[in-house]
Amino acid sequence: MTAMGDNLKEYDVIALGELLIDMTDNGVSPQGNTLFEANPGGAPCNVLAMLTKLGHKTGFIGKVGEDLFGRKLRAALIDLGIDASNLCMDSECRTTLAFVETKEDGDRDFSFYRNPGADMCLKKSDIQKELLERTKIFHFGTLSMTHEGVREATQYAAEYAKVKGALISFDPNIREPLWDSMETAKRQVEYGLSICDILKISDNEITWLTGEKDYSAGVKKIKEKYPIPLILVSMGKEGSRAYYGDSMVEKGAFLQAGTIETTGAGDTFMGCVLHGVLWAGLENLKAETLEEILEFANGAAAIVTTRKGALRVMPQEQEIRRVIRGD
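Residues numbered from 1 in each chain as written. Predicted model: local features only at pLDDT ≥ 70, side-chain atom pairs only at ≥ 80, totals over all residues. Heavy atoms only, no water.

**Describing the overall build of the chain**
Helix and strand counts for the chain stand at 10 helices and 13 strands. Here the C-alpha radius of gyration of the chain, 18 Å, is about what a compact globule of 327 residues would show, namely 20 Å. Seen through its principal axes, the chain has C-alpha atoms that stretch 55 × 45 × 40 Å. Here the chain holds 327 residues, and the buried ones make up 56% of them. (Helix = DSSP H or I, 4+ residues; strand = E, 2+ residues; numbered from the N terminus. Rg over C-alpha atoms; globule rule 2.2 N^0.38 Å. Buried < 20%, exposed > 50% of the residue type's maximum accessible area, 1.4 Å probe, protein only.)

This is the structure:
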């Protein structure tokens with residue numbers, strides 16, 4: 001594979017969105033109380049963490065509170081090697097918290113403390129445009145479009161990055177409790193579809209969005225309206241698919257005996273897909289290249305399901321290769 005290159009673009013990926021604390025269930029105290037572990041999280045930064053682990057230069061645009069958790073999150077980004085120069089600290093809003101309950105079937109239930117959370121308070125004027133001018137890929141989701149001010153900031157950033165030549169990467173990552181209505185959510189997803197070059201969408205999201213239980217039929221509906229070059233469908237235990245041009249490739253999941261939760265698995269997958277695009281480019285992708293990208297991304301996602309949290313526990317490339325080989 002040949003590297004996707006623009007020597008003037010010093011960042012491989014800049015992401016905008018939520019940076020928060022995932023409060024994950026970590027057992028029971030001697031008194032019988034649930035123990036929660038404060039894991040740094042937020043989908044866009046999880047994607048950046050995976051990319052950074054693979055050697056890419058990344059940066060984040062977002063906002064946290066000028067509080068205990070906000071300071072910990074800023075320190076986590078710096079420790080991981082993610083450029084935090086456009087991470088804003090807000091003394092008026094508290095850092096968003098997400099309490100994550102893992103059910104017996106492995107699915108998750110989220111309770112958000114975000115009314116408002118600092119991530120919702122990002123404004124257009126907070127954005128450092130030079131970061132957008134200097135990146136090869138700009139990545140975002142919909143959690144930064146649930147409310148008007150941060151929605152304006154997100155759309156401004158995506159449109160500016162596109163004008164400046166960046167590929168646009170979009171993962172809806174719908175969290176229903178955060179929306180005033182699912183119709184509003186659908187409109188914001190449609191905005192993302194209208195501007196992106198790379199779409200990652202989950203199995204349940206594609207059915208919700210298109211009404212199609214058959215994922216290929218759902219992708220066809222999307223592509224009829226939005227000519228997105230590369231669409232990835234993540235299917236959990238069933239693996240993943242890539243739709244490119246008129247072709248579709250599919251790779252199975254690497255199921256792990258030690259799986260404990262799926263938090264961050266989709267973000268890990270997305271980070272690895274962007275890693276593949278950065279090396280192979282988005283033009284004239286062959287089926288074998290797409291299969292290689294999916295296999296690598298599925299392997300990385302499988303590893304993360306065996307670990308608590310996501311941001312700090314992204315796998316090394318050699319770990320991913322071992323899973324793929326079955327070592």
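Still more ground to cover, so stick around.
**Here's the deal with the nonpolar core**
Ranked by size, the top nonpolar core spans 54 residues in total, and within it Leu-77 and Leu-230 carry the most contacts. Here Leu-77 is in contact with Leu-19, Cys-45, Phe-60, Ile-82, Ala-84, Leu-87 and Leu-311, once residues within four sequence places are set aside. Among the nonpolar cores identified, the runner-up in size contains 41 residues, and Cys-88, Leu-122, Ile-206 and Ile-231 belong to it. (Core = buried A, V, L, I, M, F, W, Y, C linked by side-chain atoms within 4.5 Å. Contact = heavy atoms within 4.5 Å.)

**Things to note about helix H7 (residues 215-225)**
Regarding H7, the residues found buried are Gly-218, Val-219 and Ile-222. Buried residues of H7 fall within an arc of 95 degrees about the axis and therefore sit on the same side. In H7, the exposed positions that point more than 90 degrees away from the buried face belong to Lys-220 and Glu-224. Looking at the packing, one finds that the buried side of H7 touches helix H5 (182-195), strand E10 (198-202), helix H6 (203-210), strand E11 (230-234) and strand E12 (240-244). The N-capping residue of H7, defined by a side-chain oxygen 3.1 Å from the backbone nitrogen of Ser-216, is Asp-214. (Arc of directions from axis to C-beta. Polar contact = N/O pair within 3.5 Å; in protein donor to acceptor, adjacent residues only side chain to side chain.)

**With respect to the pattern of salt bridges**
Scanning all chains against the criterion turns up 16 salt bridges. Linking Glu-319 and Arg-307 is a salt bridge whose minimum nitrogen-to-oxygen distance equals 2.5 Å. Taken together, the residues span a long stretch of sequence, with Glu-319 in helix H10 (residues 317-325) and Arg-307 in the loop between helix H9 (287-304) and H10 at a distance of 12 residues. Three or more residues joined by partner-sharing salt bridges are found here, namely Lys-63, Asp-90, Lys-123 and Asp-126. (Salt bridge = Lys/Arg side-chain N within 4 Å of Asp/Glu carboxyl O.)

**Quick look at the sheet that holds strand E9 (residues 167-171)**
Strands sit in the order E5-E4-E1-E8-E9-E10-E11-E12-E13 across an open sheet of nine strands; the sheet is mixed. Two strands in the sheet have a free side with no partner beyond their single neighbour: strand E5 (83-90) and strand E13 (247-251). Recorded for the sheet is a direction-independent mean angle of 15 degrees between the axes of neighbouring strands. Note that E12 and E13 share five bridges and pair antiparallel. Note that in E13 the partner of Arg-241 across the bridge is Glu-250. (Pairing = 2+ DSSP bridges. Axes fitted to C-alpha atoms, helices over the stretch in contact; angles between N-to-C directions.)

**Observations regarding the pairing of strand E2 (residues 20-28)**
Side-chain direction in a regular strand flips from residue to residue, so the side chains alternate between the two faces of the sheet. Both E2 and strand E3 (residues 34-41) contribute to a ladder of seven bridges, which runs antiparallel. Along E3, the bridge assignment pairs Thr-24 with Glu-37. Hairpin geometry of E2 and E3 is characterised by an intervening segment of five residues between the two adjacent antiparallel strands and by a positive phi of about 90 degrees at Gly-32.

**Some words on the packing of aromatic side chains**
Pairs of aromatic rings are described using the distance from one ring centre to the other and the angle between the two planes. Counted according to the given criterion, the structure contains five aromatic pairs. Ring centres of Tyr-156 and Tyr-160 lie 6.0 Å apart, and the angle between their planes is 25 degrees; on these two criteria the pair is classed as stacked. On the criterion of helical spacing, the pair formed by Tyr-156 and Tyr-160 is a turn pair, its members being four residues apart in helix H4 (residues 148-163). Ring pairs connect the aromatic residues Phe-36, Phe-99 and Tyr-113, which therefore count as one cluster. One residue, Lys-57, lies across the ring of Tyr-11, its end atom 4.7 Å from the ring centre. The ring centre of Trp-208 lies 5.4 Å from the NZ or CZ of Lys-186, which sits over that ring. (Phe/Tyr/Trp six-rings, centres within 6.5 Å; stacked < 30°, edge-to-face > 60°. Lys NZ or Arg CZ within 6 Å of the ring centre and 35° of its normal.)

**Brief notes about the side chain of His-275**
With respect to the helices and strands, the residue His-275 is situated in helix H8 (residues 265-280). Residue His-275 is classed as buried on the basis of its relative accessible area, which comes to 12%. When near neighbours in sequence (up to four residues on either side) are disregarded, His-275 contacts Leu-51, Leu-54, His-56 and Phe-296.

**Here we look at H6**
Among the residues of H6, those classed as buried are Glu-205, Ile-206, Leu-209 and Thr-210. Seen end-on, H6 carries its buried residues on one side only, within an arc spanning 105 degrees. Among the structural elements, E9, H5, E10, H7 and E11 are those in contact with the buried residues of H6. Positive backbone phi, approximately 80 degrees, marks Gly-211, located one or two places after H6.

**Observations concerning the side chain of Thr-268**
Here Thr-268 is to be found in helix H8. Looking at Thr-268, its side chain comes within polar contact range of the main-chain oxygen of Gly-264, at 2.7 Å. Ignoring anything within four residues of it in the chain, the contact list for Thr-268 reads Met-50, Ala-300, Ala-301, Val-304, Met-314 and Pro-315.

**Comments concerning the packing of H6 against H7**
Contact geometry of H6 with H7 gives a least axis separation of 9 Å together with a crossing angle of 55 degrees. Regarding the angle of H6 to H7, the classification is oblique. Between H6 and H7 lies a crossing whose hand is left-handed. Where H6 approaches H7, its residues Asp-203, Ile-206, Thr-207, Leu-209 and Thr-210 are matched on the opposing element by Tyr-215, Gly-218, Val-219, Lys-221 and Ile-222. Its residues placed into classes, the contact of H6 with H7 shows five nonpolar, three polar and two charged. (Parallel < 35°, antiparallel > 145°, perpendicular 65-115°, else oblique. Left-handed = near helix turned anticlockwise from the far one by under 90°. Nonpolar A, V, L, I, M, F, W, Y, C, P; charged D, E, K, R; others polar.)

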